[in-house]
Structure formats: C-alpha cells, structure tokens
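Next come the chains, spelled out residue by residue.
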Amino acid sequence: MIRINTELCIGCGKCAGNCSARNILICSGKAQVQGECFNCGQCVAICPQNAVSIPEYDMEDIAEYKKDSFCVEPDILLNMIKFRRSIRNFKDKKLTSDDIRMLIQAGRYTATASNRQDCRFIVVQDRLQEFKQLVWDGIGEQLSTENSPLEEFRGIYLRKKKDPADDKLFFNAQAVLIVASNITEDAALAAQNIELTAHAMGLGILYDGWLNNVLSNLPDISKWLHAENKRFGVTMLAGYPAVRFVRTAPRRKADSVIL
Ligand SMILES: Cc1cc2nc3c(=O)[nH]c(=O)nc-3n(C[C@H](O)[C@H](O)[C@H](O)COP(=O)(O)O)c2cc1C
C-alpha cells in the first residue's frame, strides 16, 4: 500500500498524473491513494517533496538522482554491448561478496512484467563442487532410464566421464548464477543486465542454455537450489575471464524493419 505524507505533500499532482494504474487522486490539495496497485514505485520516484512511500519496500534503499549518476554516453553503452563476449575460460579466482552483491542488484533493479519482481537470484560458488557432482550424477541417473529427457547430453556426459577437464556444462567457471522465475522474459532481462554489469566489472559470463536445460530436468535439484515453485529461467557461468578478446565479433546484417 502506498502512503502519502500529507504534511510534505504539496498537491502538485505529479504522482497522480504519472500513475499508470490511476490509483492516486488529488483531493483538497493533497494526493490521496484510492486502492491497491502493483507498487511500481514511480510515485515515490517522481515526488519532488519525497512525500510518498511504500512500506512494503525498504525505503532506505532509495537513491536520489544526481546530475551524473545515471548518464552513460550512448556510444560507450553500445560499445559495451559490442565488446561483450561469452566467456568459456575462467581464472582461478573467486567472485568477492561485493561482486555478487553488485550482480544481484543489477538483476533486482530490472523491469518485470506487472512489476511482479518474481525473480530469485541463486549464486552457487562455495558449494560449486558439490553442485557439479549432483548435476553430473543426476545426468547419469537420468540417462540410465528409458526415454530420458537428457538423451541429447549423453555425448557430453560420456566425454566428461572420460576426461574430467572436458566439462561443457561448467567449463572452469568459479560460480553459477541462476535467475529462477516463472516469467521467462523477466529472467532473461534480469540476466542481460547482470551480464552487462559483470562485463563492466571485468567479470565474464556465459549464458549456459545446456545447464539450464539439464537443471530443468533433474527432479531433486530445485530443492537443493532453493528454487522450488520457480522455473529455471536463465543459468549463467561466471568468473574472471582467462581470455582476452582484441576486437568485436562479426554479426549478420540487422534483420530490421523500419516503417
Ligand atoms: C540463451 C543462450 C544460451 C546459450 N547457451 C550456451 C551453452 O549452453 N553453451 C555455450 O557454450 N554457449 C552458450 N551460449 C552462448 C552463445 O553460443 C553465444 O552467445 C553466441 O555464440 C555469440 O557469441 P558471443 O556471446 O561471444 O557474442 C548461449 C547463449 C544464449 C543467448
């Protein structure tokens, strides 16, 4: 529920005018909340008097806009997108807890459909060896059943068995980051922001569709990952890159329609 501090409110109407749910009215020179909404928080963000709050959220978390705090030159941002690469070779260096916090923030501040904020950010680093073992054992078990949904992974499973360094699911990553969500688009968008932020931090990410597929087909892994009641939206590998690219990678011409 949204709260208006009527002592601070000057009835300017910015919150009401901007509210996509039309949930705020100006009555007798003060903003008044009509009912429940999806708590997008734009009324908090737009109020010049800081008169709006949503107690459900941690209001201490709110940051004030400063002149330069949200500006990135467009060509710098585009360059980041162009120079970002999938990383499949990582240094033997763990992510710090500050690194992890930063990546989670990037995911958490991403837009979600109807402001559902349904994404769970799961980071496996300290227990990575245990996790890998569970995954590979789980694949082995699944492959011993008839019509296994993991049949397409038989090849990489056998290669990994033969040579433990030949690991096409985890490579030599230091951490696995999972965005679990019942809304596929929400997970994908959060993952993209996490990846770009990681890139800006000098970290490397690999979107790991194979591992995501495997996790989605291993019955007990959701519980281990505390991801019950959610789907594995996007699974990523993370770590400090042990590879350095010196130019962008080529792409097909844009398939675009401009009307
Ligand atoms: C949804 C998604 C799933 C992916 N899954 C895998 C994967 O399982 N294994 C892998 O090595 N690369 C995976 N990739 C990385 C792509 O192969 C890579 O993005 C593409 O070749 C372009 O290279 P770039 O990311 O360096 O630009 C995935 C990428 C995306 C977007």
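Just so it is clear, the structure is predicted and the values come from calculations on it, not from any experiment. (Residues numbered from 1 in each chain as written. Predicted model: local features only at pLDDT ≥ 70, side-chain atom pairs only at ≥ 80, totals over all residues. Heavy atoms only, no water.)

> Now, about the pattern of salt bridges: what can you tell me, with residues and values included?
This structure, assessed with the given rule, holds eight salt bridges. Between Arg101 and Asp98 there is a salt bridge, with its nearest N and O atoms 2.6 Å apart. Taken together, the residues span about one helical turn, with Arg101 and Asp98 both in helix α4 (residues 97-108) at a distance of three residues. Two residues, Lys230 and Asp118, come together in a salt bridge whose shortest N-O distance is 2.8 Å. A residue pair is termed long-range when its members are at least 10 positions apart, and Lys230 in the loop between α9 (221-224) and β8 (232-239) and Asp118 in the loop between α4 and β5 (120-124) qualify at 112 residues. (Salt bridge = Lys/Arg side-chain N within 4 Å of Asp/Glu carboxyl O. Helix = DSSP H or I, 4+ residues; strand = E, 2+ residues; numbered from the N terminus.)

> Which residues make up the nonpolar core, and what are the values?
Phe131, Val135, Phe170 and Leu225 are the most contacted members of the largest nonpolar core, which has 31 residues in total. At the level of secondary structure, the elements contributing two or more residues to this core comprise β5, α5 (128-143), α6 (154-162), β6 (175-180), α8 (209-216), α9 and β8. Per-element tally for this core: the top contributor is α5, with six residues. If you look at the next biggest cluster of nonpolar residues, it comprises 19 residues, including Leu95, Ala190, Ile194 and Met236. (Core = buried A, V, L, I, M, F, W, Y, C linked by side-chain atoms within 4.5 Å. Buried < 20%, exposed > 50% of the residue type's maximum accessible area, 1.4 Å probe, protein only.)

> Any chance you could break down the domain arrangement of the protein for me, citing the residues and the numbers?
Its domain assignment divides the protein into domain 1 (3-61) and domain 2 (74-239). One C-alpha centre belongs to domain 1, the other to domain 2, and the line joining them spans 38 Å. Contacts between the two partners involve five residues from domain 1 and, on the opposite side, five residues from domain 2. Across the domain 1 to domain 2 interface the summed buried area is about 360 Å²; carbon plus sulfur atoms make up 32%. Its largest share of buried area at the contact with domain 2, domain 1 owes to Phe38, Tyr57 and Asp61, together 89% of the area lost on that side. (Domains from an automatic or database assignment. Contact = heavy atoms within 4.5 Å. Buried area = accessible area lost by both parts, 1.4 Å probe.)

> Give a detailed account of the sheet that holds β5, specifying residues and quantitative values.
One open sheet accounts for four strands, arranged β5-β6-β8-β7; its pairing is antiparallel. Pairing within the sheet leaves two strands with one partner each, and these edge strands are β5 and β7 (204-207). For this sheet, the mean angle separating the axes of adjacent strands, direction not counted, is 25°. Where β7 and β8 come together, four bridges link them in antiparallel fashion. Bridged to Ile205 within β8 is Ala238. Here α8 sits on the sheet in contact with β6, β7 and β8, set at roughly 130° to β8. (Pairing = 2+ DSSP bridges. Axes fitted to C-alpha atoms, helices over the stretch in contact; angles between N-to-C directions.)

> Go over the packing of helix α3 (residues 74-83) against helix α7 (residues 184-200), please, and point to the residues and values.
Across the interface, α3 lies against α7 with an axial gap of 10 Å and an inter-helix angle of 95°. As far as their axial angle goes, α7 and α3 are roughly perpendicular. For the pair α3 and α7, the contacting residues are Met80, Ile81 and Phe83 in the first and Leu196, His199 and Ala200 in the second. Tallied by class, the residues present in the contact of α3 with α7 amount to five nonpolar, one polar and no charged. (Parallel < 35°, antiparallel > 145°, perpendicular 65-115°, else oblique. Nonpolar A, V, L, I, M, F, W, Y, C, P; charged D, E, K, R; others polar.)

> Provide a residue-level description of the site of the ligand, including the pertinent values.
Near the ligand the following residues occur: Arg84, Arg85, Ser86, Arg88, Phe171, Leu206, Tyr207, Asp208, Gly209, Trp210 and Arg251. In the environment of the ligand, an oxygen atom lies 2.8 Å from a nitrogen or oxygen atom belonging to the side chain of Arg88. With respect to the ligand, the side chain of Arg251 contributes an N or O atom lying 2.7 Å from an oxygen atom. Listed by contribution, the elements that provide at least two residues to the shell around the ligand are β7 and α8. Classifying every residue of the shell around the ligand by side-chain character gives four nonpolar, two polar and five charged. (Near = heavy atom within 4 Å. Polar contact = N/O pair within 3.5 Å; in protein donor to acceptor, adjacent residues only side chain to side chain.)

> Explain the environment of Asn212 to me, and be specific about the residues and the numbers.
With respect to the secondary-structure elements, Asn212 resides in helix α8. Between the C-alpha atom of Asn212 and that of Gly233, which follows or precedes it by 21 residues, the distance is 7.5 Å. Sequence-distant contacts of Asn212, defined by excluding residues within four places in its chain, comprise Phe232, Gly233, Val234 and Thr235.

> Which residues make up unusual backbone geometry, and what values do they have?
In this model, Ser114 sits at a positive phi of 50°, which is unusual for a non-glycine residue. Relative to the assigned elements, Ser114 resides in the loop between α4 and β5. Of note, Phe171 is a non-glycine position whose phi angle comes to about 45°, a positive value. Positionally, Phe171 belongs in the loop between α6 and β6.

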